[in-house]
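Okay, here's what each chain looks like letter by letter:
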Amino acid sequence: MTEKLKLGVPKGSLQNATIDLFKRSGWKINVNGRSYFPEIDDDDIDCAICRAQEMSRYVESGTLDAGLTGKDWIAENSSDVHVVADLVYSKVSARPARWVLAVPHGSGIEKLEDLQGKRVATELVEFTKRYFAERNIDVKVEFSWGATEAKVVSGLADAIVEVTETETTIRAHGLKIIHELMQTNTRLIANHEAWKNPEKREKIEQIALLLRSALLGDKMVGLKMNAPKANLEKIVELLPSLNAPTVAELHNSGWVAVETVVAGNVVRDLIPGLMKNGAEGIIEYPLNKVI
């Protein structure tokens, strides 16, 4: 490339998960101590680390050509960026996180309208203001620097808008969820001018392709087995696969080798059925990427 791609890596809770995802996708990012400019083993990319909350602003302005951040922070900043890919990954689960409205048990607040004239604490201030304004509910939205759940417990707010994946922290503070405002996930975004640049666009599309393939590889596994020819059709019918399984004759026998790719969460139910139909030597193996 004539000009390197300036890529933003999110700092904070997603940093390690992002670096691990890039490693599985084929890039090694090396963060040296407190440096905000980590090394990457690709001569066409320069990396910079910044907070996910600020990423979309830097990409919109052209300070960065592309970066990874949440759908929530793009909405919070009202950023005009090109969304290249949705990427569901986190340090906790493979499900999209949710921004929810939570209140104390026994507060008497059961729906959005019950918050009329009350205080809501959140880090997602601008989005929350717009959300209530669009529903003609007058609330005072206050910024929370952290420990948002404690704001309600200590009486500093009547409700919170907070992000959650498991709801564990919310429940631990004696709160209940009464409304979901948004589901969010990580997005690979690009600056519009960078997206118009053929070389940079090709690099961004390469990154998107391999990140998606690594995430899909997390969900899939390979299966190998030997099967009697007489039972082959029954065994193939049991196998959900991306395409038809690969079947190869075994030398001088009435057996075949069968290989396929299936979702990892179905293997525990598949194996007993495969064995009942005569499959032997069943091997399950992880996949780095599925394209």
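Every value quoted in this text rests on a predicted model; they were computed, and no experiment measured them.

Participant: I tried to follow the overall build of the protein chain on my own but got confused; where do I start?
Facilitator: Scanning the protein chain from N- to C-terminus turns up 10 helices and 16 strands. Computed over the C-alpha atoms, the radius of gyration of the protein chain is 24 Å, more than 25% above the 19 Å expected from 2.2 N^0.38 for a compact globule of 291 residues. If you line up the protein chain on its principal axes, its C-alpha atoms span 80 × 55 × 35 Å. For the protein chain, the proportion of its 291 residues judged to be buried stands at 45%. The contacts of the protein chain with a sequence gap of at least 6 include a subset with a gap of at least 24, amounting to 69%. In the structure as shown, the protein chain presents an accessible area of about 15,200 Å², 49% of it carried by carbon and sulfur atoms. Taking the average location of the 36 positive side-chain charges in the protein chain and that of its 41 negative ones, the two points are 3 Å from each other.

Participant: Whenever I open this one, the pattern of salt bridges confuses me. Can you help?
Facilitator: Opposite charge on two side chains lets them pair, provided their charged atoms get close. All chains considered together, the criterion is met by 20 salt bridges. In this structure, Arg57 and Glu54 form a salt bridge, with 3.8 Å as the shortest nitrogen-oxygen distance. Taken as a pair, Arg57 and Glu54 lie in helix H2 (residues 52–61) at a separation of three residues, close to a single helical turn. For Arg57, a relative accessible area of 41% gives the class partly exposed. For Glu54, a relative accessible area of 22% puts it in the partly exposed group. One salt bridge connects Lys229 with Glu249, and the closest N-O pair in it is separated by 2.6 Å.

Participant: Would you explain the nonpolar core in this entry?
Facilitator: A general trend in soluble globular proteins is that nonpolar side chains are found buried together. Phe22, Leu87, Tyr89, Leu188, Ile204 and Ile207 are the most contacted members of the largest nonpolar core, which totals 30 residues. Ranked by residue count, the leading element in this core is helix H8 (residues 198–219), at seven residues. Discounting chain neighbours no more than four positions away, the residues touching Leu188 are Gly67, Leu68, His82, Val83, Val84, Ala85, Leu87, Ile204, Ile207 and Ala208. Membership of the second largest hydrophobic core comes to 22 residues, among which are Val125, Phe127, Ile137 and Val161.

Participant: What am I meant to see in the state of the cysteines here?
Facilitator: Disulfide: a covalent bond connecting the sulfur atoms of a pair of cysteines. Summed over the entire model, instances satisfying the criterion amount to zero disulfides. Free of any disulfide, Cys47 has its nearest cysteine sulfur in Cys50, 11 Å distant. Assessed through its relative accessible area of 5%, Cys47 is described here as buried. Given a relative accessible area of 10%, Cys50 falls into the buried group.

Participant: Would you take a moment to explain H2 for this structure?
Facilitator: Owing to its 3.6 residues per turn, the α-helix brings residues three or four apart onto one side. Looking at H2, one finds that the buried residues are Ala52, Gln53, Met55, Ser56 and Val59. Where H2 is buried, its residues contact strand E1 (5–11), strand E4 (45–51), strand E5 (66–70), helix H3 (71–77) and strand E12 (186–190). Where H2 ends, the next residue or the one after it, Gly62, has phi of about 95 degrees, a positive value.

Participant: Please explain the sheet that holds strand E16 (residues 280–286) as it appears in this structure.
Facilitator: Pairing between the strands of a sheet is mediated by backbone hydrogen bonds and can be parallel or antiparallel. Spatial ordering of the open sheet is given by E14-E15-E13-E16, a layout of four strands whose pairing is antiparallel. The open sheet is flanked by strand E14 (246–249) and E16, the only strands paired with a single partner. Between one strand axis and the next, the sheet turns by 15 degrees as a mean value, whatever way the strands run. Note: strand E13 (residues 220–228) against E16, five bridges, orientation antiparallel. Bridged to Val221 within E16 is Pro286.

Participant: Looking at this model, I keep getting lost on the side chain of Gln15. Mind explaining?
Facilitator: Position of Gln15 among the secondary structure elements: in helix H1 (residues 15–25). Those residues in contact with Gln15 that sit more than four places away from it in its chain are Pro10, Val31 and Ile49.

Participant: In this structure, what is going on with the sheet that holds E12? I would like to understand it.
Facilitator: A sheet is described by the order of its strands in space; here five strands give the open sequence E4-E1-E5-E12-E6, paired in mixed fashion. Each of the sheet's edge strands pairs with one partner strand only, and the pair in question is E4 and strand E6 (82–87). Mean inter-strand twist for the sheet, computed between neighbouring axes without regard to direction, equals 30 degrees.

Participant: What is the right way to read the domain arrangement of the protein chain from this model?
Facilitator: When the parts of a complex come together, some accessible area is lost, and that lost area is often taken as the interface size. For the protein chain, the assigned domains read domain 1 (5–89 + 186–217), domain 2 (97–183) and domain 3 (220–286). Each of domain 2 and domain 3 has a C-alpha centre, and the two are 50 Å apart.

Participant: I'm lost on the environment of Val59 in this one. Help?
Facilitator: Following the sequence through the fold, Val59 ends up in helix H2. Residues Val59 and Leu115, 56 residues apart in the sequence, show an inter-C-alpha distance of 35 Å. Each residue touching Val59, except ones within four places of it in the same chain, is listed here: Leu64, Asp65, Ala66, Gly67, Val81, Ile189, Ala190 and Asn191.

Conventions adopted
- Residues numbered from 1 in each chain as written.
- Predicted model: local features only at pLDDT ≥ 70, side-chain atom pairs only at ≥ 80, totals over all residues.
- Heavy atoms only, no water.
- Helix = DSSP H or I, 4+ residues; strand = E, 2+ residues; numbered from the N terminus.
- Rg over C-alpha atoms; globule rule 2.2 N^0.38 Å.
- Buried < 20%, exposed > 50% of the residue type's maximum accessible area, 1.4 Å probe, protein only.
- Contact = heavy atoms within 4.5 Å.
- Areas by Shrake-Rupley, 256 points an atom, 1.4 Å probe, with all protein chains shown as cover.
- Lys, Arg positive; Asp, Glu negative; His and termini not counted.
- Charge placed at Lys NZ, Arg CZ, Asp CG, Glu CD.
- Salt bridge = Lys/Arg side-chain N within 4 Å of Asp/Glu carboxyl O.
- Core = buried A, V, L, I, M, F, W, Y, C linked by side-chain atoms within 4.5 Å.
- Disulfide = S-S within 2.5 Å.
- Pairing = 2+ DSSP bridges.
- Axes fitted to C-alpha atoms, helices over the stretch in contact; angles between N-to-C directions.
- Domains from an automatic or database assignment.

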